[in-house]
Amino acid sequence: PPTTAHDEEQQHEAASSASRPSEEALSPGQNTEVVEKMRVRRAPEAVKDGIFEQDILFIAYAKEIFCMFDKDESNDLNSTDLQHMFRHFNIYISIKQIFRLLAE
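Residues numbered from 1 in each chain as written. Predicted model: local features only at pLDDT ≥ 70, side-chain atom pairs only at ≥ 80, totals over all residues. Heavy atoms only, no water.

Peer 1: Would you take a moment to explain the packing of helix H4 (residues 53-69) against helix H5 (residues 79-88) for this structure?
Peer 2: Helix-helix packing is characterised by the crossing angle of the two axes and by the distance between the axes. It is the contact of H4 with H5, at a shortest axis distance of 10 Å, that shows an interaxial angle of 125°. With respect to their mutual orientation, H4 and H5 come out oblique. Pair H4 / H5 crosses with right-handed handedness. Contacts between H4 and H5 involve Ile65, Met68 and Phe69 from the first element and Asp81, His84, Met85 and His88 from the second. Of the residues that constitute the contact of H4 with H5, the class distribution is 4 nonpolar, 2 polar and 1 charged. (Axes fitted to C-alpha atoms, helices over the stretch in contact; angles between N-to-C directions. Helix = DSSP H or I, 4+ residues; strand = E, 2+ residues; numbered from the N terminus. Parallel < 35°, antiparallel > 145°, perpendicular 65-115°, else oblique. Left-handed = near helix turned anticlockwise from the far one by under 90°. Contact = heavy atoms within 4.5 Å. Nonpolar A, V, L, I, M, F, W, Y, C, P; charged D, E, K, R; others polar.)

Okay, structure coming up:
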């Protein structure tokens, strides 16, 4: 039978939804737009090494957070930058505590 526009639309929607993470796979508070923005494809090496999309998304999110607090673009965060980053996540920590964490 000939393919209709409706059939093509359903096939496209099925292919699109299969390539997107399900709502259940998202961490609490994470919206689909953020996931789609950071969406990447797994390389064959990643598949072979057992690296999953959520691992790649976590790394992309961590990089985004790092860059947000690396104001001088030095690719380095000092203790004050780290303190601001922790505060962003409602974790209040002193500079002394940060030095102890870094020393471990």
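Peer 1: Explain the packing of H5 against helix H6 (residues 95-103) to me, please; I cannot follow it from the model alone.
Peer 2: At a minimum axis distance of 10 Å, the contact between H5 and H6 shows a crossing angle of 105°. Classified by the interaxial angle, the pair formed by H5 and H6 is roughly perpendicular. Residues Ser79, Thr80, Leu82, Gln83 and Phe86 of H5 pack against Ile95, Ile98, Phe99, Leu101 and Leu102 of H6. Class assignment of the residues belonging to the contact of H5 with H6 gives a composition of 7 nonpolar, 3 polar and no charged.

Peer 1: Whenever I open this one, the nonpolar core confuses me. Can you help?
Peer 2: In a soluble, globular protein the nonpolar side chains are often hidden away together inside. In terms of nonpolar packing, the biggest core is built from 7 residues, these being Ile65, Phe69, Leu77, Leu82, Met85, Ile93 and Ile98. Secondary-structure elements contributing two or more residues to this core are H4 and H5. The contacts of Ile93, once residues within four sequence positions are left out, are Gln83, Phe86, Ile98 and Leu101. (Core = buried A, V, L, I, M, F, W, Y, C linked by side-chain atoms within 4.5 Å. Buried < 20%, exposed > 50% of the residue type's maximum accessible area, 1.4 Å probe, protein only.)

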